[in-house]
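Architecture at a glance
Residues per chain, in single letters:
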Amino acid sequence: MDINRFFKTVLSQNAEDLMKYFQRNAVIKWHCTNEVFTLDEYIKANCEYPGNWNGEIERIEENANTIILACRVFPRDNSESFHVVSFIHLKDDLIIEMDEYWSDDGLAPEWRKKMKIGKRIR
């Protein structure tokens, strides 16, 4: 599976093209909000999400039939930023299961700033 092309397809919110990356009976889990989706539900949630999106892949790890993808996703106006880690499980080179962990990007909490530890990554 071309993971770079898959990521671009997710960002473009093209339902027809996105469907091509999945087994028909795929299961998608968004653990941070405790939701599980059928393929049709995932396509609807992704492709009808408001806005126009950009993103960048920060890391790809591949092992047998699993791809781990860490990405930053943001609207084209850069008004927000999110990180997602996806565990993509393949069968016959198509996604059969995907576990995703989404997080809003933000500043370190005040209690850690007061400790004067850590530095910005970028």
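Residues numbered from 1 in each chain as written. Predicted model: local features only at pLDDT ≥ 70, side-chain atom pairs only at ≥ 80, totals over all residues. Heavy atoms only, no water.

For the protein, an unreviewed UniProt entry supplies the name Nuclear transport factor 2 family protein and the organism Urinicoccus massiliensis.

**Re the overall build of the protein**
For the protein, the count of helices and strands is four helices and six strands. Of the regular secondary structure in the protein, the N- to C-terminal order runs α-α-β-β-α-β-β-β-β-α. Seen through its principal axes, the protein has C-alpha atoms that stretch 50 × 35 × 25 Å. Residues counted as buried form 32% of the 122 residues belonging to the protein. Roughly 8,400 Å² of accessible area belongs to the protein as shown, and the carbon and sulfur atoms make up 50% of that amount. Charged side chains in the protein number 17 positive and 21 negative. The centres of these two groups are separated by 8 Å. (Helix = DSSP H or I, 4+ residues; strand = E, 2+ residues; numbered from the N terminus. Buried < 20%, exposed > 50% of the residue type's maximum accessible area, 1.4 Å probe, protein only. Areas by Shrake-Rupley, 256 points an atom, 1.4 Å probe, with all protein chains shown as cover. Lys, Arg positive; Asp, Glu negative; His and termini not counted. Charge placed at Lys NZ, Arg CZ, Asp CG, Glu CD.)

**Observations regarding the packing of aromatic side chains**
For the structure shown, the criterion picks out eight aromatic pairs. Pairing F6 with Y21 gives two aromatic rings, centres 5.3 Å apart and planes at 65°, and the pair type is edge-to-face. Remark: Y21 occurs in the loop between α2 (15-19) and β1 (22-30) and F6 occurs in helix α1 (residues 3-12); sequence separation between them is 15 residues. Ring pairs connect the aromatic residues F6, Y21, F22, W30, F37 and Y42, which therefore count as one cluster. (Phe/Tyr/Trp six-rings, centres within 6.5 Å; stacked < 30°, edge-to-face > 60°.)

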